[in-house]
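Each chain is listed here by its residues.
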Amino acid sequence: MADRTVLVTGGTGGLGGAVTAAFAAAGWRVVAPVRSAPGKGGDATYVTADLNDAASVDTAVATAAGEAAAPLRAVVNLVGGYASSGLVHETPFEDFEAMLTLNLRSTYLVTHAALPHLLAAGGGAVVCVSSRAALTPFAGAAGYITAKAAVLAFSNAVAAEYRQKGVRCNTLVPSVIDTPANRAAQPDADHSRWVQPEAIAPVILHLASDESAPTSGAAIPVYGRA
């Protein structure tokens, strides 16, 4: 029987399926917020939540923290997305802001709601997902790049604030992840160079585990050969 719980946002996405499977195989209780179809199936317990709504997030996090025998010990923030937008002067502010909402808002709300539970459990880990584009920007995606840079900065702030309280926070920095959505968006790319979700999942599992206890505030590159 699981003795610890992980909350995985984006648990049904291209990376999320591999991550929930890895945690379940390692003996964790896995809770994944979704927009619809709540229930238990496969590797996780799915709970309905709107991760852009603070009250809905609070309810989902409370569900994840609701098993006394398996306290919430880790949060994995996978929700995010990409959209190109042209050059900055061609990009409406609404499009720019939409990238911040998609990539940063849920990461903040979920982490904000989960931290008191992690502290109550004696500590734990938060894992966020930025992008290599945040470190090496390219033209035509200022909203996405800014949002992913903000995720990295936020994660580092959490690491600094909670280091002495037993909560670690680290950031995954992928290049292009080999998911169906990315293949559809880039059909002519060399997909063999992209990093596989099944290769990233063990890295996230390690960052959430006690074995990574000395590590906080790290930006971990997972580039594959891209």
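What comes next is a walk through the structure. Nothing here was measured: the structure is a model prediction, and the numbers come from that model.

## Observations concerning the side chain of arginine 29
Thinking step 1. Mapped onto the fold, arginine 29 is located in strand β2 (residues 29–34).
Thinking step 2. Glutamate 67 provides the closest opposite charge to the buried, unpaired arginine 29, separated from it by 4.4 Å.
Thinking step 3. A distance of 3.2 Å separates the side chain of arginine 29 from the backbone oxygen of threonine 63, its partner in a polar contact.

## Some remarks on the layout of surface pockets
Summary: where empty space remains is shown by rolling a probe the size of a single water molecule over the atoms.
Thinking step 1. In this structure, the largest pocket encloses a volume near 1100 Å³.
Thinking step 2. Lining the largest pocket are 42 residues, and of these Leu78, Gly80, Gly81, Tyr82 and Asn182 lie nearest its centre.
Thinking step 3. Counting only elements with at least two residues in the lining of the largest pocket, the list comes to β2, α3 (93–120), α4 (132–135), α5 (142–162) and α6 (180–185).
Thinking step 4. A breakdown of the residues in the lining of the largest pocket according to their chemical character gives 19 nonpolar, 19 polar and 4 charged.

## What about α5?
Thinking step 1. With 21 residues, α5 extends 30 Å between its outermost C-alpha atoms, agreeing within 8% with the 30 Å of an ideal straight helix rising 1.5 Å per residue.
Thinking step 2. Within the span of α5, buried status applies to Gly143, Tyr144, Ile145, Ala147, Lys148, Val151, Leu152, Phe154, Ser155, Val158, Ala159 and Tyr162.

## Brief notes about the pattern of salt bridges
Thinking step 1. One pass over the full model with this rule turns up 4 salt bridges.
Thinking step 2. Arginine 4 is the salt-bridge partner of aspartate 3, the closest N and O atoms lying 3.8 Å from each other.
Thinking step 3. Arginine 35 is the salt-bridge partner of aspartate 50, the closest N and O atoms lying 3.7 Å from each other. Of this pair, aspartate 50 sits in the loop between β4 (44–48) and α2 (54–64) while arginine 35 sits in the loop between β2 and β3 (39–41); the two residues are 15 residues apart in sequence, bridging distant segments of the chain.
Thinking step 4. Beyond isolated ion pairs, a larger network of salt bridges with shared partners links Asp3, Arg4 and Asp210.

## Examining α3
Thinking step 1. For α3, which comprises 28 residues, the first-to-last C-alpha distance of 40 Å matches the rise-based estimate of 40 Å (1.5 Å per residue) to within 8%.
Thinking step 2. Along its length, α3 shows its largest kink, about 35°, at leucine 104.
Thinking step 3. Listing the buried residues of α3 in full gives Met99, Asn103, Ser106, Thr107, Leu109, Val110, Thr111, Ala113, Ala114, Leu115 and Leu118.
Thinking step 4. The secondary structure elements touched by the buried residues of α3 are β1 (5–9), α2, β5 (72–77), β6 (124–129), α5 and β7 (167–174).
Thinking step 5. In the segment just after α3, glycine 122 is the residue with positive phi, at about 95°.

## Concerning the packing of α2 against α3
Thinking step 1. Where α2 meets α3, the axes come as close as 9 Å, and the angle between the chain directions of the two elements is 40°. The angle between α2 and α3 places the two elements in the oblique class. Helix-helix and strand crossings are classified by hand; for α2 and α3 the assignment is right-handed. For the pair formed by α2 and α3, the contact residues are Ala54, Val57, Asp58 and Val61 on the first element and Leu109, Val110, Ala113, Ala114 and His117 on the second.
Thinking step 2. Considered class by class, the residues forming the contact of α2 with α3 number 7 nonpolar, 1 polar and 1 charged.

Conventions we followed
- Residues numbered from 1 in each chain as written.
- Predicted model: local features only at pLDDT ≥ 70, side-chain atom pairs only at ≥ 80, totals over all residues.
- Heavy atoms only, no water.
- Helix = DSSP H or I, 4+ residues; strand = E, 2+ residues; numbered from the N terminus.
- Buried < 20%, exposed > 50% of the residue type's maximum accessible area, 1.4 Å probe, protein only.
- Lys, Arg positive; Asp, Glu negative; His and termini not counted.
- Salt bridge = Lys/Arg side-chain N within 4 Å of Asp/Glu carboxyl O.
- Polar contact = N/O pair within 3.5 Å; in protein donor to acceptor, adjacent residues only side chain to side chain.
- 1 Å grid on protein atoms, 1.4 Å probe; cavity = no way out; pocket = protein on both sides within 12 Å on 5 of 7 lines; lining within 4 Å.
- Points joined across faces, edges and corners; volume = space filled by probe spheres on them.
- Nonpolar A, V, L, I, M, F, W, Y, C, P; charged D, E, K, R; others polar.
- Expected span 1.5 Å × (residues − 1).
- Bend = angle between axes of the 7 residues up to and from the residue.
- Contact = heavy atoms within 4.5 Å.
- Axes fitted to C-alpha atoms, helices over the stretch in contact; angles between N-to-C directions.
- Parallel < 35°, antiparallel > 145°, perpendicular 65-115°, else oblique.
- Left-handed = near helix turned anticlockwise from the far one by under 90°.

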